[in-house]
Amino acid sequence: MRGGLLLVPGAHISPASVPAWSCPIRRKRNAMTTAIEDRPLVERQTDMLRQMIRIRRFEEKLAWLFKRGQLPGFVHLYLGEEAVAVGVCAALRSDDRITSTHRGHGHLIAKGATLDKMMAELFGRIDGYCRGKGGSMHIVSFELGIMGTNGIVGGGIPIGTGAAWGDKQLGRDSVTVVFFGDGASNQGVFFESMNLAAVWKLPVIFVCENNGYSEWSPTETVTAGKIADRGTPMGIPGIQVDGNDVEAVRAATETAVARARAGDGPSLIEARTYRWHGHNEGEEAFAGNYRSQEEQDEWRAREPIARFAEQLIAGGVIDQATWDAIDAEETRAVEDSVAFAENSPFPDPEEALLHLFAAAENGDDK
Amino acid sequence: MTVTQEDARQAEAKERPTYFVKAMQEGLAAAMREDDRVVIIGEDVDRSVIGATRGLSKEFGEMRVRNTPISEQAFVGAAVGAAAAGLRPVVDMMIGAFFYVSMDQLANQAAKLRYMSGGQVSLPITYFTATGPSGGGAAQHSENLHPMLMNVAGLKIVMPSTPYDAKGLMLSAIRDPNPVVYLQDHVLGGTRGHVPAESYTIPLGLADIKKKGTDVTVVAIGATVPKALKVAARLEAEGTSVEVIDPRTLAPLDMDTILASVARTGRLVVVDNARLTASAASEIVASVVQAGFDTLKSAPERVAWADVPVPFSAPLEKRVIVQEDDILAAIKRTLA
């Protein structure tokens, strides 16, 4: 966490008041060149930056809450991987779908989930996305095309494949992104689902977030070959991208989405990134020291948010003040989401007995 | 009920003897005709080893009767995503024990997604399969998973014993907005019985009294229903009146009909086509003891398989699975 922060000599830190739970994002002093006039580009890129910062601040807050015993359950944080979710979802329409993983908060925020309803769900409150029934690993919002985070590694892969089949069979042109990790790339159902998607030419994009660790095992010690190549024998185009480069991720996804919408079938994207935190919060209790400080420092130096923001400033898309303002706004939004969650009541215990089955005809539920 | 539903139907309907598997097919076809979103997938469903889907692709086309790879996890899970997207998938698992291969997607995903999401989505999926001992199917093709699946909240479980019920329950299963596991006991596939030509439904969660009686209640499941009826006929000749109840669906389970019967007869034998330990028979007996203890005149009996895998060789298989004499002996114990 804070220990791994790498401050570049001469870097400046935003003077805006920074809460104790958030780390300043490494930044160089950048003078903006002439502001560019391409409004759609400015809006898109500014929004991508905002979403990455939103995810960063949300996850930092969760780490802080967890350390203080204020967050129940198992929490797997997305810190350091923000560019993957944001780059992928920037290439999607609102009627496209995603399936997510145990490390899914970033995917959901990038797909449009609100911090308030997410935080309330993580607090087990009635105003959460799933009325407190799901928690971190089962957040679902079908209206946003979020088919669910998933507590089983690889569990969402066939579900997303099936959603793509359903949309295609029903004559829609929406696509489904299946997020999964390097760990899930070793599940049999990944290969089964790629094969099914290939023979049925389904509009699905398999996005592997290779963050270097399958739980606590270095990926290369449990994974043969290159993950991006795993669809090659099935005729599925695979590409490896820098998962810390949000525009590279977006561009690769746009190519895959175009292929899927054209009816040409699935693609595989392996986004190479790094998990800043452990597999789960609280792992210090048992996991020991399993990765070097050098490795962590090296990846933190490739910080996806600062890298993108600096590009935007250098390119005249935003100025430093805009970056600072976005950060302050998103930081405040995260604080507000905690207040929202804390003010939301717990569900009535009898809610535990609801929502098992849908009623056949009328609206009754049991 | 004064007369059984089956009696009433036999009396008013013109006989139309139909094979059990053909009745299932009529239920499938009726569901497909009434709703374009009903799509069948599974391994070789156009040819159909068991027969329920054979020929359906001629009427409905290959996009609605669709062969899958031999990838149970993938297609059991794909049905979940497709149902959430708006299809009504019907999945032919071919053989019941193959559910084991797909258990994460069935028990962890299909059964739980609606609940975990706080009721945001309905998952109208029907998973059907031939199941249970078939005579030499051996250990990995003779399983009956209904007891295990009854303990997975979120799945409805259907197990018909007559062609009439097979058709009506198939249409109900497909119309139901929830995941339903429809189990066709292997050995019943070639049995015949009256099936009306028109489409009709049988509600899930409603037991049927297959034979009225006054001295002892026998609850029988799946392929043990015809065995229980034969035993009941033998005992009738000896002056003992046996009531035979088929739950037809195991989740939800119609305990009201069973408890009302036991209240009349005072005696209970439950026959299951599965291993004894933690069987459906165990659950039914426990529920009757808990809710109807005062109505019992003797200790209830369970009749089920020995707690071993189903072996291959005929005398071995016979030793393990339920025989008519086992049912007879259990009934006599309750009358002793």
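Not measured: the values here are computed from a predicted model.

1. Looking at the overall build of chain B
(1) Moving on: Across its full length, chain B carries 13 helices and 14 strands.
(2) Moving on: Taking the principal axes of its C-alpha atoms as reference, chain B extends roughly 60 × 45 × 40 Å.
(3) Moving on: Here chain B holds 336 residues, and the buried ones make up 59% of them.
(4) Moving on: Considering only contacts in chain B between residues 6 or more positions apart, those separated by 24 or more positions represent 80%.

2. With respect to the overall build of chain A
(1) Moving on: Of regular secondary structure, chain A possesses 11 helices and 7 strands.
(2) Moving on: Expressed along its principal axes, the backbone C-alpha trace of chain A runs to roughly 60 × 50 × 45 Å.
(3) Moving on: For chain A, the proportion of its 366 residues judged to be buried stands at 53%.
(4) Moving on: Across chain A, every contact between residues at least 6 apart in sequence was considered, and the portion connecting residues at least 24 apart equals 74%.

3. Observations concerning the sheet that holds strand E3 (residues 204-210) of chain A
Residue and element names in this part refer to chain A.
(1) Moving on: With parallel pairing, the 5 strands of this open sheet are ordered in space as E1-E2-E3-E7-E6. Unpaired on one side and paired on the other, strand E1 (97-99) and strand E6 (238-242) mark the two borders of the sheet. Strand-to-strand twist of the sheet, defined as the mean angle between neighbouring strand axes without regard to direction, takes the value 20 degrees.
(2) Moving on: With 3 bridges connecting them, E1 and strand E2 (residues 176-181) associate as parallel partners. By the bridge assignment for E2, Ile98 is matched with Val177.
(3) Moving on: Lying over the sheet, helix H8 (residues 246-261) contacts E3, E6 and strand E7 (267-272), oriented at roughly 170 degrees with respect to E7.

4. Concerning the interface of chain B and chain A
(1) Moving on: Facing 38 residues of chain B, the contacting portion of chain A comprises 36 residues.
(2) Moving on: Considering every element that reaches the side of chain B that touches chain A, the biggest residue donor is helix H4 (residues 72-85) of chain B, with 11 residues.
(3) Moving on: Split into classes, the residues belonging to the side of chain B that touches chain A amount to 18 nonpolar, 16 polar and 4 charged.

5. Considerations on the environment of Met48 of chain A
Residue and element names in this part refer to chain A.
(1) Moving on: Relative to the assigned elements, Met48 resides in helix H1 (residues 39-67).
(2) Moving on: With 23 C-beta atoms counted inside 10 Å, the residue Met48 sits in the buried group.
(3) Moving on: Residues Met48 and Glu351 lie 303 residues apart in sequence; the distance between their C-alpha atoms is 37 Å.
(4) Moving on: Not counting chain neighbours up to four residues away, the residues in contact with Met48 comprise Val86, Ala90 and Val246.

6. Thoughts on the nonpolar core
All names here are of chain B.
(1) Moving on: Membership of the largest hydrophobic core comes to 205 residues, with the highest contact counts inside it found for Val218 and Val271.
(2) Moving on: Two domains share this core, each providing at least three of its residues, namely domain 1 (14-194) and domain 2 (208-335).
(3) Moving on: In this structure Val271 touches Val218, Val219, Ala220, Ile221, Thr224, Ala228, Ala281, Val303, Val322 and Ile327, once residues within four positions along its chain are discounted.

7. Describing the domain arrangement of chain B
Residue and element names in this part refer to chain B.
(1) Moving on: Taken as a whole, chain B is organised into domain 1 (14-194) and domain 2 (208-335).
(2) Moving on: The interface is formed by 23 residues belonging to domain 1 together with 25 residues belonging to domain 2.
(3) Moving on: Contributing elements (two or more residues each) for the side of domain 1 that touches domain 2: helix H7 (146-150), strand E6 (156-158), helix H8 (163-175) and strand E7 (180-185).
(4) Moving on: Partitioned by chemical class, the residues of the side of domain 1 that touches domain 2 number 14 nonpolar, 6 polar and 3 charged.

8. As for the pairing of E7 of chain A
Residues and elements named next belong to chain A.
(1) Moving on: For E7, the tally of buried residues reaches 6 of 6 residues, placing the bulk of the element in the interior.
(2) Moving on: The side-chain alternation of E7 yields two buried faces, one formed by Ser267, Ile269 and Ala271 and the other by Leu268, Glu270 and Arg272.
(3) Moving on: Examined bridge by bridge, E3 and E7 share 6 bridges and lie parallel to one another. The residue bridging Glu209 from the neighbouring strand is Ala271, located in E7.
(4) Moving on: Direction of pairing for E6 relative to E7: parallel, over a ladder of 5 bridges. Residue pairing in the sheet places Val241 in a bridge with Ala271 of E7.

9. Points about the sheet that holds strand E3 (residues 65-67) of chain B
All names here are of chain B.
(1) Moving on: A sheet is described by the order of its strands in space; here 7 strands give the open sequence E3-E2-E4-E5-E7-E6-E12, paired in mixed fashion. Unpaired on one side and paired on the other, E3 and strand E12 (249-251) mark the two borders of the sheet. Between one strand axis and the next, the sheet turns by 20 degrees as a mean value, whatever way the strands run.

10. Side note on helix H4 (residues 115-122) of chain A
Residues and elements named next belong to chain A.
(1) Moving on: In terms of burial, H4 is a largely internal element, 7 of the 8 residues being buried.
(2) Moving on: Looking only at H4, the buried set comprises Leu115, Lys117, Met118, Met119, Ala120, Glu121 and Leu122.
(3) Moving on: On its buried face, H4 is in contact with H1, helix H3 (105-110) and helix H11 (320-343).
(4) Moving on: Of the residues trailing H4, Gly124 is marked for its positive phi of about 75 degrees.

11. Focus: the packing of H4 of chain A against H11 of chain A
Residue and element names in this part refer to chain A.
(1) Moving on: Look at H4 against H11: their axes get within 8 Å of each other, and the N-to-C directions meet at 50 degrees. It follows that H4 is oblique to H11 by the angle criterion. Our pair here, H4 against H11, has a crossing hand that is right-handed. On the side of H4, the interface is formed by Leu115, Asp116, Met119 and Ala120, while H11 contributes Ala333, Val334, Ser337, Val338, Phe340 and Ala341.
(2) Moving on: Class assignment of the residues belonging to the contact of H4 with H11 gives a composition of 8 nonpolar, 1 polar and 1 charged.

12. A word on the confidence of the model for chain A
All names here are of chain A.
(1) Moving on: Per-residue confidence for chain A gives a mean pLDDT of 93, with 93% of residues at or over 70.
(2) Moving on: The low-confidence segment residues 1-13 (pLDDT under 50) makes 21 contacts with residues lying over four places distant or belonging to another chain.
(3) Moving on: Between residues 362-366, whose pLDDT stays under 50, and residues either more than four places distant or in other chains, the model counts 9 contacts.

13. Looking at the environment of Ala306 of chain B
Residues and elements named next belong to chain B.
(1) Moving on: Relative to the helices and strands, Ala306 resides in the loop between strand E14 (301-305) and helix H12 (314-320).
(2) Moving on: You can call Ala306 partly exposed: it has 13 C-beta atoms within 10 Å.
(3) Moving on: For Ala306 and Ala237, which are 69 residues apart along the polypeptide, the C-alpha to C-alpha distance reads 30 Å.

14. Focus on the confidence of the model for chain B
(1) Moving on: On average, chain B scores 95 in pLDDT, and the residues at 70 or more come to 96%.
(2) Moving on: Two numbers describe this predicted complex: its pTM, 0.93, and its ipTM, 0.92.

15. Topic: the environment of Lys230 of chain B
Residue and element names in this part refer to chain B.
(1) Moving on: With respect to the helices and strands, the residue Lys230 is situated in helix H9 (residues 224-237).
(2) Moving on: Assessed through the 13 C-beta atoms surrounding it within 10 Å, Lys230 is described here as partly exposed.
(3) Moving on: Along the backbone, Lys230 and Gly96 are 134 residues apart, and their C-alpha atoms lie at a distance of 26 Å.

Basis of the calculations
Residues numbered from 1 in each chain as written. Chains lettered and ligands numbered in written order. Predicted model: local features only at pLDDT ≥ 70, side-chain atom pairs only at ≥ 80, totals over all residues. Helix = DSSP H or I, 4+ residues; strand = E, 2+ residues; numbered from the N terminus. Buried ≥ 20, exposed ≤ 12 C-beta atoms within 10 Å, placed from the backbone. Contact = placed C-beta atoms within 7 Å. Pairing = 2+ DSSP bridges. Axes fitted to C-alpha atoms, helices over the stretch in contact; angles between N-to-C directions. Nonpolar A, V, L, I, M, F, W, Y, C, P; charged D, E, K, R; others polar. Core = buried A, V, L, I, M, F, W, Y, C linked by C-beta atoms within 7 Å. Domains from an automatic or database assignment. Parallel < 35°, antiparallel > 145°, perpendicular 65-115°, else oblique. Left-handed = near helix turned anticlockwise from the far one by under 90°. pLDDT = per-residue confidence, 0-100.

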